[in-house]
Amino acid sequence: METLVLLLLLFVISLFLGIELITKVPATLHTPLMSGSNAISGITIVGAILAAGNGDGNNQLVTILGFIALTLATINVVGGYLVTNRMLAMFKRKD
Amino acid sequence: MNESFLDLAYLVAAALFILGIKGLTRPRTAVRGNMLSASGMLLAVVVTLLDKNVLSYEWIIGGIALGGILGAILATRIQMTAIPQMVALLNGFGGGASLAVAVANYFQGGFNTETGIITLIAIGTTVLIGAVTLTGSMVAFGKLQEIISGQSIGFPGMKLVNAVLLATAIYAIVMVIINPTDASWVYVLIATASILGLFLVLPIGGADMPVVIALLNSYSGIAAASAGFIMGNTVLIVTGSLVGASGIILTRIMCVAMNRSLFNVLFGVMAEGGETIDADEVYEGKVKSTSPDEVAMMLETARRVVIIPGYGMAMAQAQHAVREMANAIEEMGANVEYAIHPVAGRMPGHMNVLLAEAEVPYDKLVEMDRINPTFDQTDIAIVIGANDVTNPMAREDKGSPIYGMPILNVDKAKTVIVVKRSLSPGFAGLPNPLFAMDNTLMLFGDGKQAVVEITQALKEAR
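Residues numbered from 1 in each chain as written. Chains lettered and ligands numbered in written order. Predicted model: local features only at pLDDT ≥ 70, side-chain atom pairs only at ≥ 80, totals over all residues.

### Brief notes about the overall build of chain B
Within chain B one finds 18 helices and six strands. The principal-axis extent of the C-alpha atoms belonging to chain B is close to 80 × 50 × 35 Å. Looking at chain B as a whole, 53% of its 462 residues are labelled buried. (Helix = DSSP H or I, 4+ residues; strand = E, 2+ residues; numbered from the N terminus. Buried ≥ 20, exposed ≤ 12 C-beta atoms within 10 Å, placed from the backbone.)

Here is the structure:
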């Protein structure tokens, strides 16, 4: 129960931190912000790795679900960061 | 690997994500911010691979290779005009990944009575939000890609059906908690949540897509955070809630910019339009058209020109042509700026990305609140593919369905040029009195073609 309270605390504080941070992002960068946060929400990749690599030969279903999750999350991570980088490079001022 | 070392590494990764988003607060630091965020992700992945619970690697390598290749192809091939579709798709994949992780955790089983309830609640919540995000995003993608009609799709009593679906899903979560060994309730939950996702987005019209994408973005983050509660994984919780907050803020900005409540957007409610306005009455005998040569002649003597781009510019892929026209105008000695309405385009910031692609410096892209006071000192305002966001009825006509929506005060400029195919209405389905004003000239035709012809005329005049 104590762990749950700690995790909830972490959740709420991160929400507030997120709101503080994101309100400072200028409208010009809202599209890269969205694709960038797509990439960040690919953090589920961590959970997917744990599921796909559980190594329990008797539980193929878990492995397959983990594999699906891992594929989707990796598309998010790789696709999200690459396309964000592509966009942001265009915003760089030509000196 | 040592448990606390793992947690420390996750903490560092979370800090890198936060610094990454902080980098996005300025265009100059944004690329570095994205790199920091990506290195945080790499760190999180590497330490997870070293986790003692990871016993076999073949499926992991396969998944990362497949996802990596697909992601890289998607990111490098996608056209900038299609970014809204890509973001919608990625939102869906994020939700789908969290959904699959939750279901996998369910089938791994081994719930003891002590921590079991919390884990089961988290699994239920993640399945619900993940499935809604997955199917809802697929509908949003279909609408943006124009596979599905952009019109509101629905049937009488849809709200009631949605309420029943949600109640059933929550009941299924309760049943999963009470009796974790009976998998059938998990299937019921997945099915109802998936249908709910479809039904929630189908009634939402094309004009409201920026709100929907932002909201689904938020859901995908919250699904990841919720998945974090299943495994007690701190980095998932921190990161997921950051993304959740980001989506919520963007959703609010979009709603404010359209003067619509989130409730009305979500349930496809349009404001009641007092008396219907007859387009013929607004336009009859008052619309004047012009030619590219005439526009070029006026531009020669202008000192300040403002360009107002809208989704029509994206549709015509005219951003590069617009940039060239702006160059030609500047060579004539005028000052050119771009007025960006928050909901111009199909997602937050869409116009900015398109113009950045065409190498327009970002300091020339001016937000609504800053550019509006300058329109009465503007010689020529050129509207390209924008409609509802310039409609003066939103400011003046209390009976209008869009009354109260913040608009660009284009009509205050000395001369307004509207580049448009016809007098057809925008998403709101309303006539635009701007087109019939004394100081407005219509340049009928394809956006890109018209802009190219103006540019040619300007160059010949030199």
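### Remarks on the packing of helix H2 (residues 30-41) of chain A against helix H9 (residues 234-258) of chain B
Any two packed helices are characterised by how steeply their axes cross, that is the angle between the axes, and by the distance between the axes. Running from amino to carboxyl end, H2 of chain A crosses H9 of chain B at an angle of 155°, the nearest separation of the two axes being 9 Å. In this view, H2 of chain A runs roughly antiparallel relative to H9 of chain B, as classed from their interaxial angle. Both H2 of chain A and H9 of chain B take part in a crossing whose hand is left-handed. Taken together, the residues of H9 of chain B that come into contact with H2 of chain A (itself represented by His30, Leu33, Met34, Ser37, Ile40 and Ser41 of chain A) are Thr239, Gly240, Leu242, Val243, Ser246 and Leu250 of chain B. Across the contact of H2 of chain A with H9 of chain B, the residue classes break down as six nonpolar, six polar and no charged. (Axes fitted to C-alpha atoms, helices over the stretch in contact; angles between N-to-C directions. Parallel < 35°, antiparallel > 145°, perpendicular 65-115°, else oblique. Left-handed = near helix turned anticlockwise from the far one by under 90°. Contact = placed C-beta atoms within 7 Å. Nonpolar A, V, L, I, M, F, W, Y, C, P; charged D, E, K, R; others polar.)

### Re the confidence of the model for chain B
Across chain B, the average pLDDT comes to 89, with 97% of residues at 70 or higher. Quick note on the complex model: pTM equals 0.90, ipTM equals 0.94. (pLDDT = per-residue confidence, 0-100.)

### Things to note about the sheet that holds strand S6 (residues 440-444) of chain B
All names here are of chain B. One open sheet holds the six strands; their spatial order is S3-S2-S1-S4-S5-S6, and the pairing between them is parallel. At either end of the open sheet lies a strand with only one pairing partner, and these are strand S3 (365-367) and S6. Strand-to-strand twist in this sheet, taken as the mean axis angle between neighbours without regard to direction, amounts to 25°. Here strand S1 (residues 304-309) pairs with strand S4 (residues 380-384) via five bridges, running parallel. Within the sheet, the bridge partner assigned to Val305 lies in S4 and is Ile380. Together, S1, strand S2 (335-340) and S4 form the strand contacts of helix H14 (residues 319-331), whose direction differs from that of S1 by roughly 175°. Set on the sheet, helix H15 (residues 350-357) makes contact with S1, S2 and S3; between it and S2 the angle comes to about 145°. (Pairing = 2+ DSSP bridges.)

### Description of unusual backbone geometry
All names here are of chain B. Located in the positive-phi region is Glu146, a residue other than glycine, with phi close to 60°. Unusually for a residue other than glycine, Asn259 sits at a positive phi of about 55°. Among the structural elements, Asn259 can be located in the loop between H9 and helix H10 (262-266). On the neighbour-count criterion, Asn259 (15 C-beta atoms within 10 Å) is partly exposed.

### So, the domain arrangement of chain B
Residues and elements named next belong to chain B. For chain B, the domain assignment lists domain 1 (78-266) and domain 2 (279-461). A C-alpha centroid distance of 37 Å is found between domain 1 and domain 2. Listed per partner, the contact involves 19 residues of domain 1 and 16 residues of domain 2. Sorting the residues of the side of domain 1 that touches domain 2 by element identifies helix H4 (83-108), helix H8 (209-231) and H9 as the ones contributing at least two each. At five residues, the largest contribution of residues to the side of domain 1 that touches domain 2 is made by H9. Within the side of domain 1 that touches domain 2, the residues separate by chemical class into 15 nonpolar, four polar and no charged. (Domains from an automatic or database assignment.)

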